[in-house]
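# Observations on the three-dimensional arrangement
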Amino acid sequence: MSILEVEHISKYFGKTEVLKDICFTLEENQVLSIIGSSGSGKTTLLRCLNFLERPDSGLIRVAGNVVYDSDMMKNMSESVIRKNRLHFGLVFQSFNLFPQYTAIENVMLARQLQAKKEPDYKKNKAAINEGIRKEAEDLLNRMGLSERMNNYPHQLSGGQCQRVAIARALALKPDILCFDEPTSALDPELTGEVLKVIKGLAEQKMTMIIVTHEMSFARDVSDQVIFMDDGYVLEYGTPDEVFGNPKMERTRQFLGNYN
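Calculation notes
Residues numbered from 1 in each chain as written. Predicted model: local features only at pLDDT ≥ 70, side-chain atom pairs only at ≥ 80, totals over all residues. Heavy atoms only, no water. Helix = DSSP H or I, 4+ residues; strand = E, 2+ residues; numbered from the N terminus. Rg over C-alpha atoms; globule rule 2.2 N^0.38 Å. Buried < 20%, exposed > 50% of the residue type's maximum accessible area, 1.4 Å probe, protein only. Contact = heavy atoms within 4.5 Å. Areas by Shrake-Rupley, 256 points an atom, 1.4 Å probe, with all protein chains shown as cover. Pairing = 2+ DSSP bridges. Axes fitted to C-alpha atoms, helices over the stretch in contact; angles between N-to-C directions. Salt bridge = Lys/Arg side-chain N within 4 Å of Asp/Glu carboxyl O. Parallel < 35°, antiparallel > 145°, perpendicular 65-115°, else oblique. Left-handed = near helix turned anticlockwise from the far one by under 90°. Nonpolar A, V, L, I, M, F, W, Y, C, P; charged D, E, K, R; others polar. Core = buried A, V, L, I, M, F, W, Y, C linked by side-chain atoms within 4.5 Å.

Helices and strands together make up the secondary structure of the protein chain, namely nine helices and 10 strands. What you see for the protein chain is a C-alpha radius of gyration of 19 Å, in line with the 18 Å of a compact globule of 259 residues. Each principal axis of the C-alpha distribution contributes one length, and for the protein chain these read about 60 × 50 × 35 Å. When the 259 residues of the protein chain are sorted by exposure, 50% land in the buried category. In the protein chain, the proportion of contacts linking residues at least 24 apart, taken out of those at least 6 apart, comes to 66%. Carbon and sulfur atoms form 47% of the exposed surface of the protein chain, whose accessible area is close to 12800 Å².

Okay, structure coming up:
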């Protein structure tokens, strides 16, 4: 079953077209890696999926439901956009943790803001917050951070901060978890611990989209791979197809830089 369908997404910044008729699908419980050179449109595509950018044309469906239709956007309220954004969790390159909050507070915060909009929040505030805290503790335990829950971001390594960011994204229970080059801000020695967490999520059948420059990791963890160049999807297939037998010369040139 396709959890995500992306149809004919295009995006302009001024007169520059940075995404050009992007189409792909993602099956539930699968991992899609997006590779390509810097400036090829990978991050912009993720931002469009999360509605941090608005595509200029195209359609996005999640579990068969339209969450974005460029023809209908003028009639979609901000509250609808925020609701549709919850289908996606996004882990940024640079963590984006709040420095004034501890690890567990960072994980709890988004879920608390969401809970405050629920009709029975004021009536059951203590119990709801206790449940949110327990969920945050469980997520940080899964990330191997049980002894770091009360540390502030400046007291954590880059790898630990990224694992807090992953826990925060998971706290909202997204249908699809997205990573934007999750190891690019890390020292090489810290990269492995974050990739290990992502691989563990893949083994647990978390549906994910991963923008990455880690080619061996992408080949190992992915069910499908997209190679982007100059705003286009040039290759789209299994890891064996894209890495082992690429159809396009540009793909072969790109992968040759990593061999």
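Still to come is the rest of the account.
Moving on to the sheet that holds strand S6 (residues 88-91). Taken together, six strands build an open sheet; the order of strands is S6-S7-S8-S3-S9-S10 and the sheet is mixed. The sheet is open, and its two borders are formed by S6 and strand S10 (232-237), each paired with just one other strand. For this sheet the average axis-to-axis angle between neighbouring strands, irrespective of direction, equals 20°. In this fold helix H9 (residues 249-256) packs onto strand S3 (31-36), strand S9 (224-229) and S10, with an angle of close to 100° to the strand it touches most, S9.

Under the defined criterion, the tally for this structure stands at 12 salt bridges. A salt bridge links Asp-138 to Lys-134; its shortest N-O distance comes to 3.0 Å. Here Lys-134 and Asp-138 lie together in helix H4 (residues 125-142), a separation of four residues that amounts to about one turn. Residue Lys-134 is classed as partly exposed on the basis of its relative accessible area, which comes to 45%. Here Glu-135 makes a salt bridge to Lys-173, at a shortest N to O gap of 3.4 Å. Taken as a pair, Glu-135 in helix H4 and Lys-173 in the loop between helix H5 (158-171) and strand S7 (176-180) lie far apart in primary sequence, 38 residues in all. A relative accessible area of 33% means that Glu-135 is categorised as partly exposed.

Two strands pair when backbone bridges link them, and S9 and S10 are joined in this way by five bridges, in the antiparallel orientation. In the strand pairing of S10, Val-225 is matched with Gly-237. Linkage of S9 to S10, two consecutive antiparallel strands, is achieved through a turn of two residues, within which Asp-230 is found at a positive phi near 55°.

Turning our attention to the packing of helix H3 (residues 103-115) against H4. At their nearest, the axes of H3 and H4 sit 9 Å apart, and the two run at 135° to each other. Taken together, the axis directions place H3 and H4 in an arrangement best described as oblique. Where H3 crosses over H4, the two elements pack in a sense that is right-handed. In contact with Ala-103, Ile-104, Val-107, Met-108, Arg-111, Gln-112 and Ala-115 of H3, H4 contributes Ile-128, Asn-129, Ile-132, Arg-133, Glu-135, Ala-136, Glu-137, Leu-139 and Leu-140. Looking at the contact of H3 with H4 residue by residue, the class counts come to 10 nonpolar, two polar and four charged.

What follows is about the packing of H3 against H5. For the pair H3 and H5, the least separation of the axes is 8 Å and the interaxial angle reads 25°. As judged from the angle between their axes, H3 and H5 are roughly parallel. Like other packed secondary-structure pairs, H3 and H5 cross with a definite hand, here right-handed. Between H3, through Ala-103, Asn-106, Val-107 and Arg-111, and H5, the contact on the second element is made entirely by Val-164, Ala-167, Arg-168 and Ala-171. The residue makeup of the contact of H3 with H5, split by class, is five nonpolar, one polar and two charged.

So, on to the nonpolar core. Ranked by size, the top nonpolar core spans 42 residues in total, and within it Leu-140, Ile-166, Leu-177, Phe-179 and Met-208 carry the most contacts. The set of elements that each furnish at least two residues to this core consists of H3, H4, H5, S7, helix H6 (188-203), strand S8 (208-211) and helix H7 (215-221). Counting residues per element, this core draws most heavily on H5, at eight residues. Once residues within four sequence positions are removed from consideration, Leu-177 is found in contact with Gly-89, Val-91, Ala-169, Leu-170, Leu-201, Met-206, Thr-207, Met-208 and Ile-209. Judged by nonpolar contacts, the second largest core, of 30 residues, contains Ile-34, Leu-49, Tyr-68 and Met-228.

The strand order S2-S1-S4-S5 describes an open sheet built from four strands, whose pairing is antiparallel. Strands with a single pairing partner mark the edges of an open sheet, and in this sheet they are strand S2 (16-27) and strand S5 (65-69). If you compare each strand with its neighbour and ignore which way they point, the axes differ by 15° on average. Where strand S1 (residues 2-13) meets strand S4 (residues 57-62), five bridges bridge the pair, whose relative direction is antiparallel. Residue pairing in the sheet places Glu-5 in a bridge with Arg-61 of S4.

Any functional reading would require information that these geometric values do not contain.
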